[in-house]
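Topology and contacts: notes
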Amino acid sequence: MAEENRRILEFAKQQQSRESDRMEVRKAEEAAKADVRNQLAERLAHQKEDQAELQQIRDELAWEEEEEQNRLRAQAEREKRIRMRLELQEVERQQLHVKDAKKQLEKAEDERFRQEMLAKFAEDDRIEQMNAQKRRMKQLEHKRAVEALIDDRRARFEAEKASEMGEIEDERRRQEMRQQIIEEERQKLLQEHAQKLLGYMPKGVLRDQKDLALFDDEFRTNFEPRQVDFFDEKNW
């Protein structure tokens, strides 16, 4: 009886030991699975962080590129204004030079005309045959007459020049009106047909940002990612 009890106890101990071993194995497996899950979760978290960081880098690069384009456009505008100002100053300088030259030429022409007319009046009135007093009086009379002729010549010249400038200004206004009509028609055609050409817009159809501003937000939103930047010369 004692021997049987001993065997039963021994069997129970063996069963308990095997169960304990199975529990340890199960714990180890569960720990390994948990470790794998944790590693996988950590890896996914790192991937998400890397993706987020990559997207942030892309966004920053896009923003920096846009800022650079804006800076280059602003710089180009400043340089253009400077060139225009310098060109205007040069034109004004040349105009002043031409004006001074014309004044000198007119002055010389007036003097030549004055001397010719004085000589003609003197010859016509034979002042060399007059006595000194009459000659001086006649010379003063001739001088006043010549100055009146010169003033009349100047007045006629200024009137002719004003008339010519008026014709030039009228022609300029007519040209501006024609250009305005042409531009209005071009903008109408753009608004009517540009939507159909979205994504296939030929070069030069949209000239600048003012043309793009003719359209609604939906057109501009669809236009920008699908079109080449026509306002950037590097794209041509």
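The notes below deal with the structure included here. (Residues numbered from 1 in each chain as written. Predicted model: local features only at pLDDT ≥ 70, side-chain atom pairs only at ≥ 80, totals over all residues. Heavy atoms only, no water.)

Thoughts on the overall build of the protein
If you tally the helices and strands in the protein, you get 4 helices and 0 strands. When the elements of the protein are put in sequence order from the N terminus, they spell out α-α-α-α. In the protein, the share of contacts with a sequence separation of at least 24, taken over all contacts with a separation of at least 6, comes to 53%. Of the roughly 20,100 Å² of accessible surface on the protein, a fraction of 53% belongs to carbon and sulfur atoms. (Helix = DSSP H or I, 4+ residues; strand = E, 2+ residues; numbered from the N terminus. Contact = heavy atoms within 4.5 Å. Areas by Shrake-Rupley, 256 points an atom, 1.4 Å probe, with all protein chains shown as cover.)

Regarding the side chain of Arg114
Topologically, Arg114 is positioned in helix H1 (residues 2-125). Each residue touching Arg114, except ones within four places of it in the same chain, is listed here: Val146, Glu147 and Ile150.

A closer look at the pattern of salt bridges
Tallying each qualifying case throughout the model produces 18 salt bridges. Residue Glu68 pairs with Arg71 through a salt bridge whose shortest N-O separation is 2.6 Å. Of this pair, Glu68 and Arg71 both sit in helix H1, separated by 3 residues, roughly a single helical turn. We classify Arg71 as partly exposed; its relative accessible area is 39%. The closest approach of N and O atoms between Arg178 and Glu171, which form a salt bridge, is 3.3 Å. When salt bridges that share partners are traced, they join Glu169, Asp170, Arg172, Arg173 and Glu176 into one network. (Salt bridge = Lys/Arg side-chain N within 4 Å of Asp/Glu carboxyl O. Buried < 20%, exposed > 50% of the residue type's maximum accessible area, 1.4 Å probe, protein only.)

So, the packing of aromatic side chains
Per the stated rule, a full pass over the model turns up 0 aromatic pairs. Above the plane of the ring of Phe113 lies Arg153, whose end atom (NZ or CZ) is 4.4 Å from the centre. (Phe/Tyr/Trp six-rings, centres within 6.5 Å; stacked < 30°, edge-to-face > 60°. Lys NZ or Arg CZ within 6 Å of the ring centre and 35° of its normal.)

Some words on the nonpolar core
Of all hydrophobic cores here, the largest spans 5 residues; its members are Phe113, Met117, Phe121, Val146 and Ile150. Of all the secondary-structure elements, those providing two or more residues to this core are H1 and helix H2 (132-193). Per element, the largest residue contribution to this core is 3 residues, and it comes from H1. (Core = buried A, V, L, I, M, F, W, Y, C linked by side-chain atoms within 4.5 Å.)

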